[in-house]
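One letter stands for each residue in the lines below.
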Amino acid sequence: HTHSPSWRYGLAGLLAGTGVVLAYDTVRVQTIEKTSSLPIFSQEEVTKHRSLQDGVWVTYKGGVYDITEFVAMHPGGDKILLAAGGALEPFWALYAVHKQEHVLEILSEYKVGELSAEDVKKQQAVKSSDPYSSDPERHPVLHINNLKPFNAEPPPEILSDSYITPSAFFFKRNHLPVPKVDPASYQLSVEGLPGGVLTLSLEDLKTKFSKHTVTATLQCAGNRRSEMNKVKQVKGLNWGIAAISNATWSGAKLRDVLLAAGYGPDVAKWACHVQFEGLDKDVTGTTYGASIPLKKAVSEEGDVLLAYEMNGEELPADHGFPLRVVVPGTVGARNVKWLGKIIVSTEESSSHWQQNDYKGFSPGTDWDTVDFKSAPAIQELPIQSAVTTPADGAVVDRSAEEVTVKGYAWSGGGREVVRVDVSLDGGKTWQVAQLRTSDKGQAPEPSPPPGQAWAWKLWEVTAPLPAEAQELEIVCKAVDNSYNMQPDTVPPIWNLRGVLSNAWHRVKSGCLAPM
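An unreviewed UniProt entry annotates the protein chain as Sulfite oxidase of Seriola lalandi dorsalis. Annotation of the protein chain in UniProt includes, under Subcellular location (unreviewed entry), the sentence "Mitochondrion intermembrane space". Comment text from UniProt for the protein chain, heading Function (unreviewed entry), reads "Catalyzes the oxidation of sulfite to sulfate, the terminal reaction in the oxidative degradation of sulfur-containing amino acids."

Here is the structure:
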């Protein structure tokens, strides 16, 4: 078939995951006559068509579609190729658009046949046995770093648009399938204390313990890993600058729950760690696990929560429903979701993610020489900042004579960001950005007590464009109240897992001369 641009752009909304059917108003709804004369293909035949050379075929609800022409002309073709040779259903669910039936009309223009009944049954069986088949729907604006398990980050400019990150846009970091948990039958067990095992229902946590609310930023250890990949390839998801988000969390204090379970001064003499186990598990039944120091867990100033609310609503499935640990100031990996068990212990968690991951090493350490036992598990994270707008590669209009730069800054361990320096010329000259702890027009958050600055600061600076500059190299660096500063380059902090990436953030933007 030959398809008009409006039809092709309409399909882009479905396949490229924009969440928008482009040129919708100009797309004509055409009635496609169903025909029984289309050939029947096996899944084996469909699978052979996974490239532009061999053709790009997909299946959807038993139909076979040849979308080669569309992929060839569309700049998002690489993403569409993820579905090539297979079923469109997972992508349809992931990149849901509002006018699905309308887009199906567009898709039907590319139909070339029917999938054999036998293979349709196989697809349905695979779907039901897929441990990720019951994962929740996600907002299509998220940039996906991995589909199964789901890991995604929002467009950076969204972060600086809102001091509190909406839960739909909050970065998603899952290690395993999202478990389905019935809140009515949910139970949390607390073990390792003199009183024996304490079992609590969700209702117990909500009614027997005071509710506390904390605004805290969570950041993945691999945030900005992509910059380390540019120096030398590392192992890990290729996160950009948006594996960090800020939310308001509410729940019971972990300290209060531990006290109710029998914690006291005698326990502090022998116990050193508090372990957490999630309800998410792999095919062998192994659950996600992590631990934090006991001192952080029981400190009145530590603000560790067993959270059942996020941004004033019940926890979304991707963020740990019905209960998760929120450990303010600590790397995201210790903020265990879908919490099932708490263990007070002399030892750290034996989990893979505590013992053999989320640790930092020298740039000279490689996979032949690394000894994970030689490095401590990451807990508090270092000072961090990044430019969210303008985006790297964006063009700045010179006729405006000035540019507004925005971003975020945060430091682990409750250390407060006290300054962000911004340069438009690669670090030759600097200006101090204005910091904010709320959205514009709203009252700022009260200053946190020393050591309890759990939330990020958004920052902004408007500066004149350097005279005659053809390109801007925008750089930002933050300073916390311990005067910790970001390193200026990535190579000295490079490590084989690509964690703790916090060098000066650099963005290059072109300057468009006035017409």
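And the narrative resumes.
1. Digging into the pattern of salt bridges
Working definition: two side chains of opposite charge can pair if their charged atoms are close together. Within this structure, the stated rule accounts for 21 salt bridges. The partner of Lys477 in a salt bridge is Asp421, with the nearest N and O atoms 2.8 Å apart. Here Asp421 lies in strand β22 (residues 417-423) and Lys477 lies in strand β26 (residues 471-480), a separation of 56 residues in the sequence. Relative accessible area serves as the criterion here: at 6%, Asp421 is assigned to the buried category. Salt-bridge contacts for Glu473 lead to Arg506; the nearest nitrogen and oxygen are separated by 3.2 Å. A residue pair is termed long-range when its members are at least 10 positions apart, and Glu473 in strand β26 and Arg506 in strand β27 (residues 505-512) qualify at 33 residues. When its relative accessible area of 22% is taken as the criterion, Glu473 is described as partly exposed. Taken together, the shared-partner salt bridges connect Asp135, Arg138 and Asp318 into one network.

2. A word on the sheet that holds strand β19 (residues 384-389)
A sheet is described by the order of its strands in space; here 4 strands give the open sequence β19-β21-β25-β24, paired in antiparallel fashion. Two strands bound the open sheet, and with one partner strand each, they are β19 and β24 (434-436). Going from strand to strand, the sheet's axes swing by 30 degrees on average, the running direction of each strand aside. Direction of pairing for strand β21 (residues 402-410) relative to strand β25 (residues 457-464): antiparallel, over a ladder of 8 bridges. By the bridge assignment, Glu402 is partnered in β25 with Pro464.

3. Focus: the pairing of strand β18 (residues 339-345)
Counting buried residues along β18, 6 of its 7 residues qualify, which places the element largely inside the surrounding structure. Across 3 bridges, strand β9 (residues 187-191) lies against β18 in parallel orientation. Across the sheet, Val190 pairs through a bridge with Ile342, a residue of β18.

4. Let's talk about unusual backbone geometry
Pro149 follows Lys148 through a cis peptide bond whose omega is -5 degrees. Relative to the assigned elements, Pro149 resides in the loop between β6 (143-146) and β7 (151-153). That bond from Thr389 to Pro390 is cis: its omega, 5 degrees, falls within 30 degrees of zero. Even without a glycine there, the phi angle at Asp303 is positive, about 55 degrees. Mapping Asp303 onto the fold places it in the loop between α13 (294-298) and β15 (305-310). A positive phi angle, near 55 degrees, is found at Asn311, a position not held by glycine. Looking at where Asn311 falls in the secondary structure, it is placed in the loop between β15 and β16 (313-314). For Asn311, a relative accessible area of 24% gives the class partly exposed.

5. Digging into the environment of Asn311
On a C-alpha basis, the gap between Asn311 and Pro166 in space is 7.5 Å, while along the polypeptide they are 145 residues apart. Within the structure, the side chain of Asn311 is placed 2.9 Å from the backbone oxygen of Thr165, a separation counted as a polar contact.

6. Focus on the sheet that holds strand β1 (residues 40-41)
Within a sheet, each strand pairs with its neighbour through backbone hydrogen bonds, oriented either parallel or antiparallel. In space, the 5 strands of this open sheet follow the order β1-β5-β4-β3-β2, with mixed pairing throughout. The sheet is open, and its two edges are formed by β1 and β2 (50-51), each paired on a single side.

Thresholds, definitions, all that
Residues numbered from 1 in each chain as written. Predicted model: local features only at pLDDT ≥ 70, side-chain atom pairs only at ≥ 80, totals over all residues. Heavy atoms only, no water. UniProt positions renumbered as here; feature names shortened; annotations may be inferred. Salt bridge = Lys/Arg side-chain N within 4 Å of Asp/Glu carboxyl O. Helix = DSSP H or I, 4+ residues; strand = E, 2+ residues; numbered from the N terminus. Buried < 20%, exposed > 50% of the residue type's maximum accessible area, 1.4 Å probe, protein only. Pairing = 2+ DSSP bridges. Axes fitted to C-alpha atoms, helices over the stretch in contact; angles between N-to-C directions. Polar contact = N/O pair within 3.5 Å; in protein donor to acceptor, adjacent residues only side chain to side chain.

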